[in-house]
Amino acid sequence: MRVWIDLTNAPHVLVLAPLVRVLEARGATVELTARPYGQTAELAAMHGLTVEEIGSHGGRSRIGKGRAAAGRVHALRRWAKSRNFDVGLAHGSTDQPVVARLLGFPAVTMFDYEGARLQHGVNCRLASRVLIPDAIPVEAITAHGARASQVVRFPGLKEEYALWGFQADPS
């Protein structure tokens, strides 16, 4: 299985790094992209992940964000086109579900905040599966365009998954 994971913000590294290790242990080939923002690539490297930085952050303005998103979708499409991915996975990436739809493979999106209307309106309509904490009611996600059959709920919060495998230093 060929899996593409897109990291758009540093906290996503902490959530998805353990999953990368699980997928690779099961024999999957995992490739990672990262948006250059908030030391995402640097944090990925600290966790032993190799990422290809693609795109840019659009700044605070909506116009800048829109331009950056359009440019990143175009660049990610070029990057992913010949890689024959079986599935994409991202936490909050609005770019990956668009590219996956354009290239014809399923995308899985996850998020932990139901209030980002524009972002979730895109992701919920284009992703094959929407992963959310069980603390978020399904109705809050279907309001963004997801079908209830797309929604998969997981116990707890992403922060708990970010701590998977953590061993405290007894000292």
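What counts as what
Residues numbered from 1 in each chain as written. Predicted model: local features only at pLDDT ≥ 70, side-chain atom pairs only at ≥ 80, totals over all residues. Heavy atoms only, no water. Helix = DSSP H or I, 4+ residues; strand = E, 2+ residues; numbered from the N terminus. Buried < 20%, exposed > 50% of the residue type's maximum accessible area, 1.4 Å probe, protein only. Lys, Arg positive; Asp, Glu negative; His and termini not counted. Salt bridge = Lys/Arg side-chain N within 4 Å of Asp/Glu carboxyl O. Contact = heavy atoms within 4.5 Å. Pairing = 2+ DSSP bridges. Axes fitted to C-alpha atoms, helices over the stretch in contact; angles between N-to-C directions. 1 Å grid on protein atoms, 1.4 Å probe; cavity = no way out; pocket = protein on both sides within 12 Å on 5 of 7 lines; lining within 4 Å. Points joined across faces, edges and corners; volume = space filled by probe spheres on them. Nonpolar A, V, L, I, M, F, W, Y, C, P; charged D, E, K, R; others polar.

Note on placement: Arg35 falls in the loop between β2 (29-34) and α2 (40-46). Buried charge without a partner: Arg35 forms no salt bridge, and the closest opposite charge is Asp95, 6.0 Å away. Residues contacting Arg35, with those up to four places away along its chain left out, are Leu7, Thr8, Thr40, Ile54, Ser56, His57 and Arg72.

With that out of the way, let us pick up the sheet that holds β2. Here seven strands make up an open sheet; going across it, the order is β3-β2-β1-β4-β5-β6-β7 and the pairing parallel. Each edge of the sheet is formed by a strand with only one pairing partner; in this case those strands are β3 (51-53) and β7 (151-154). Put simply, the sheet's adjacent strands are angled 20 degrees from each other on average, direction ignored. Two elements, β2 and β3, share three bridges in a ladder whose sense is parallel. Looking across to β3, one finds that Thr33 is bridged to Glu52. In the packing of helix α1 (residues 10-25) onto the sheet, the strands contacted are β1 (2-7), β2, β4 (87-91) and β5 (107-110), and the crossing angle to β1 comes to about 170 degrees.

When you line up the elements, Pro133 lands in strand β6 (residues 129-133). Remark: the alpha-carbon pair of Pro133 and Glu52, spanning 81 residues in sequence, is separated by 28 Å. The residues touching Pro133, leaving out its near neighbours within four places in the chain, are Phe111, Asp112, Arg153, Phe154, Gly156 and Leu157.

Turning our eyes to something else, we now look at the layout of surface pockets. Estimated volume of the largest pocket: approximately 920 Å³. As for the largest pocket, its lining consists of 32 residues, and the residues nearest its centre are Arg35, Lys65, Gly92, Thr94 and Gln119. Contributions of two or more residues to the lining of the largest pocket are made by α3 (62-80), α4 (95-103) and α5 (117-126). In terms of residue count, α3 provides more of the lining of the largest pocket than any other element does, seven residues in total. When the residues that make up the lining of the largest pocket are grouped by side-chain class, the tally is 10 nonpolar, 13 polar and nine charged. What lines the second largest pocket is a set of 17 residues, and nearest its centre among them are Leu16, Leu19, Leu89, Met110 and Leu131. Contributing elements (two or more residues each) for the lining of the second largest pocket: α1, β4 and β5. Here the element with the most residues in the lining of the second largest pocket is α1; it accounts for six residues. Residues of the lining of the second largest pocket, tallied by class, amount to 16 nonpolar, one polar and no charged.

In short, shape yes, function no, at least from these values alone.
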